[in-house]
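Descriptive structure summary
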Amino acid sequence: MFKNLISSFRKARHFRGSNAEKISVFFFLIQFYIKRHLFKSKTSEATACFLNYKVAGSDYATLNFLFNEIFITNEYYLKPSEKELFIIDCGANIGMSVLYFKRLFPNSRILAFEPNPYAFELLSKNIKANNVSKVELYNVALYDKESEISFFIKNNKGALDGSVNKERGGSKELKVIAQKLSQYIINIPEIDLIKIDVEGAEINIIEDLCATGTLQNVKEYLIEFHHNLPCSSTSLAAFLEIFEQHHFKYNIKTGYTKKGVFQDILIHFYKA
């Protein structure tokens, strides 16, 4: 418990917000630690309240992971603005990233896509519970074709790594509707940000945007590239080259424990 107190204090201290918010985050992290252990075998819905948000998830471990990844590490952080930005969230899961973007850009318009029907149910619930305006939700998979495709998840419906790749997603197969992102943005001359975290389908989405000439319609991309994904021939070098050819610059964030392992690589692409 003492180690957790120290860890929670350090995380709260580095939280981007006011001192009052830092204190609120500290106590929230402590509560989360207790709930995760008290309700470890809990199978019903888990709920949490933080920073004036009320969020429902499949379990406390998943909620804790999402809160730390998005709100504490600030992997999707961009300079806050009151401007009416246009944002697209590909792989919105239960909506934690949507709430994060709304915190940074309260007047933004957001299109959020999530293929997993179980996660989408929670996404819809969380957006409604927090009275979030100007957000459109789509229960579809984004891909390079429009059809019904296989989508794989683990037996745990709340798992975060659902994927069109069976090796990544899991043994439980669902049939979901796939659509092209280009069809949603082809008539929009400028989009401020597209965030993509789709567990291996990122190359399909980008290839669609390239084929339709819409890749350049976007100022910035935040993309989680899945490197060394089993049964995937996608090359990081080839992926980066696509953006280089379209005159984007980029920064990369990643880490690994040993050679040959799978890596989540966060790449921030932006126009020069």
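Residues numbered from 1 in each chain as written. Predicted model: local features only at pLDDT ≥ 70, side-chain atom pairs only at ≥ 80, totals over all residues. Heavy atoms only, no water.

1. With respect to the packing of helix α2 (residues 19-38) against helix α3 (residues 60-72)
- In contact at an axis separation of 9 Å, α2 and α3 are set at 155 degrees when each is read in the N-to-C sense. Taken as axis vectors, α2 and α3 run roughly antiparallel relative to one another. Handedness of the α2/α3 crossing: left-handed. Between α2 and α3, the residues in contact are Val25, Phe28, Leu29, Phe32, Lys35 and Arg36 and Tyr60, Ala61, Leu63, Asn64, Phe67, Asn68 and Ile72, respectively. (Axes fitted to C-alpha atoms, helices over the stretch in contact; angles between N-to-C directions. Helix = DSSP H or I, 4+ residues; strand = E, 2+ residues; numbered from the N terminus. Parallel < 35°, antiparallel > 145°, perpendicular 65-115°, else oblique. Left-handed = near helix turned anticlockwise from the far one by under 90°. Contact = heavy atoms within 4.5 Å.)

2. A word on the pattern of salt bridges
- Following the criterion strictly, the structure yields 9 salt bridges and no others.
- Note that Arg103 is salt-bridged to Glu21, the shortest N-O span being 3.2 Å. Residue Arg103 is located in helix α4 (residues 96-104), and its partner Glu21 is located in helix α2; the two are separated by 82 residues in the primary sequence.
- Take Glu21: its relative accessible area is 24%, and that puts it in the partly exposed class.
- Residues Lys219 and Asp192 are paired through a salt bridge, measuring 3.4 Å at the closest nitrogen-oxygen approach. Pair noted here: Lys219 is in strand β10 (residues 218-227) and Asp192 is in strand β9 (residues 191-196), with a separation of 27 residues, a long-range link.
- The exposure class assigned to Lys219 is partly exposed, which follows from its relative accessible area of 33%.
- Among the residues examined, Asp192 registers a relative accessible area of 16% and is labelled buried.
- Taken together, the salt bridges that share partners define one network made up of Glu190, Asp192 and Lys219. (Salt bridge = Lys/Arg side-chain N within 4 Å of Asp/Glu carboxyl O. Buried < 20%, exposed > 50% of the residue type's maximum accessible area, 1.4 Å probe, protein only.)

3. Overview of the pairing of strand β2 (residues 53-57)
- Here β2 lies mainly inside the structure; 4 of its 5 residues are buried.
- Here strand β1 (residues 46-50) hands over to β2 after 2 residues, with Leu51 in that stretch at a positive phi of 50 degrees. (Pairing = 2+ DSSP bridges.)

4. A closer look at the sheet that holds strand β5 (residues 135-138)
- Taken together, the 7 strands give an open sheet; going across it, the order is β5-β4-β3-β9-β10-β12-β11, and neighbouring strands pair in mixed fashion. Where the open sheet ends on each side, the last strands, each with one partner, are β5 and β11 (248-253). Shown here is a sheet whose adjacent strand axes are inclined to one another by a mean of 15 degrees, direction ignored.
- Bridge count for strand β3 (residues 86-90) against strand β4 (residues 109-113) is 5 bridges, and the pairing is parallel. Bridging across to β4, Ile88 finds its partner in Leu111.
- Contacts between helix α8 (residues 202-211) and the sheet are confined to β9 and β10, with β10 contributing the most and set at about 145 degrees to the helix.
- Those strands touched by helix α9 (residues 236-245) are β10, β11 and β12 (263-271), and its axis lies near 10 degrees from that of β12.

No statement about biological role is implied by the geometric values presented.
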